[in-house]
Amino acid sequence: RYAARITDARNRLERARQHIIHSTGTARLADLLDAVCGRGETLRSLCANDKDKADRMEVELGLALDMVAVSYEIVRAAA
């Protein structure tokens, strides 16, 4: 049962990643999610401590999280 839940979680993550890639044409936002939500990196560390760049990247992270919410059917995309 535990192994099935892990497999299901991995499959959901991969579907979310593919949703982002197909929607944007690039893996950039998915990679950003992996870095922040998966590995625990901070936006500042990803931007070499550049506050302005980190602030812009925060907007991208928010968009990526919204896309995951749609993929997970937590929210619905506007038609």
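These notes cover the structure that comes with them. (Residues numbered from 1 in each chain as written. Predicted model: local features only at pLDDT ≥ 70, side-chain atom pairs only at ≥ 80, totals over all residues. Heavy atoms only, no water.)

## As for the overall build of the chain
Alright, step 1. Check the secondary structure of the chain and you find four helices and zero strands.
Alright, step 2. Here the C-alpha coordinates of the chain stretch approximately 45 × 35 × 20 Å along the principal axes.
Alright, step 3. Looking at the 79 residues of the chain, the share that counts as buried comes to 22%.
Alright, step 4. Taking the intrachain contacts of the chain between residues at least 6 apart in sequence as the baseline, contacts between residues at least 24 apart amount to 51%. (Helix = DSSP H or I, 4+ residues; strand = E, 2+ residues; numbered from the N terminus. Buried < 20%, exposed > 50% of the residue type's maximum accessible area, 1.4 Å probe, protein only. Contact = heavy atoms within 4.5 Å.)

## Quick word on the packing of helix H1 (residues 2–24) against helix H4 (residues 51–71)
Alright, step 1. Two numbers describe how H1 lies on H4: the axes approach to 9 Å, and their chain directions differ by 120 degrees. Regarding the angle of H1 to H4, the classification is oblique. Seen along the crossing, H1 lies across H4 with a hand that is right-handed. Packed against H1, whose contacting residues are Arg15, Ala16, His19, Ile20, Ser23 and Thr24, the element H4 presents Ala64, Met67, Val68, Val70 and Ser71 at the interface.
Alright, step 2. Considering only residue class, the contact of H1 with H4 consists of six nonpolar, four polar and one charged. (Axes fitted to C-alpha atoms, helices over the stretch in contact; angles between N-to-C directions. Parallel < 35°, antiparallel > 145°, perpendicular 65-115°, else oblique. Left-handed = near helix turned anticlockwise from the far one by under 90°. Nonpolar A, V, L, I, M, F, W, Y, C, P; charged D, E, K, R; others polar.)

## Observations concerning H1
What sets the pattern is the α-helix's 3.6 residues per turn: residues three or four places apart point alike.
Alright, step 1. With 23 residues, H1 should reach 33 Å at 1.5 Å per residue; the first-to-last C-alpha distance of 33 Å fits that figure.
Alright, step 2. Positive phi shows up at Gly25, right after H1, with a value of about 80 degrees. (Expected span 1.5 Å × (residues − 1).)

## Some details on unusual backbone geometry
Alright, step 1. If you check the backbone angles, Asn49 has positive phi at about 65 degrees while not being a glycine.
Alright, step 2. Looking at the secondary structure, you find Asn49 in the loop between helix H3 (43–46) and H4.
Alright, step 3. On the basis of relative accessibility, which here comes to 53%, the residue Asn49 falls in the exposed class.
Alright, step 4. Even without a glycine there, the phi angle at Glu73 is positive, about 60 degrees.
Alright, step 5. Residue position: Glu73 is located in the segment after H4.

## Let's talk about H4
Alright, step 1. Taking 1.5 Å per residue as the helical rise, H4 with its 21 residues ought to reach 30 Å, and the 30 Å between its terminal C-alpha atoms agrees with that figure.
Alright, step 2. Listing the buried residues of H4 in full gives Ala54, Met57, Leu61, Ala64, Met67, Val68 and Ala69.
Alright, step 3. Tucked into the core, H4 has its buried residues touching H1, helix H2 (28–38) and H3.
Alright, step 4. Among the residues of H4, the N-terminal cap falls to Asp50, whose side-chain oxygen and the backbone nitrogen of Asp52 are separated by 3.1 Å.
Alright, step 5. A positive backbone phi angle near 60 degrees is found at Glu73, which sits one or two residues after H4. (Polar contact = N/O pair within 3.5 Å; in protein donor to acceptor, adjacent residues only side chain to side chain.)

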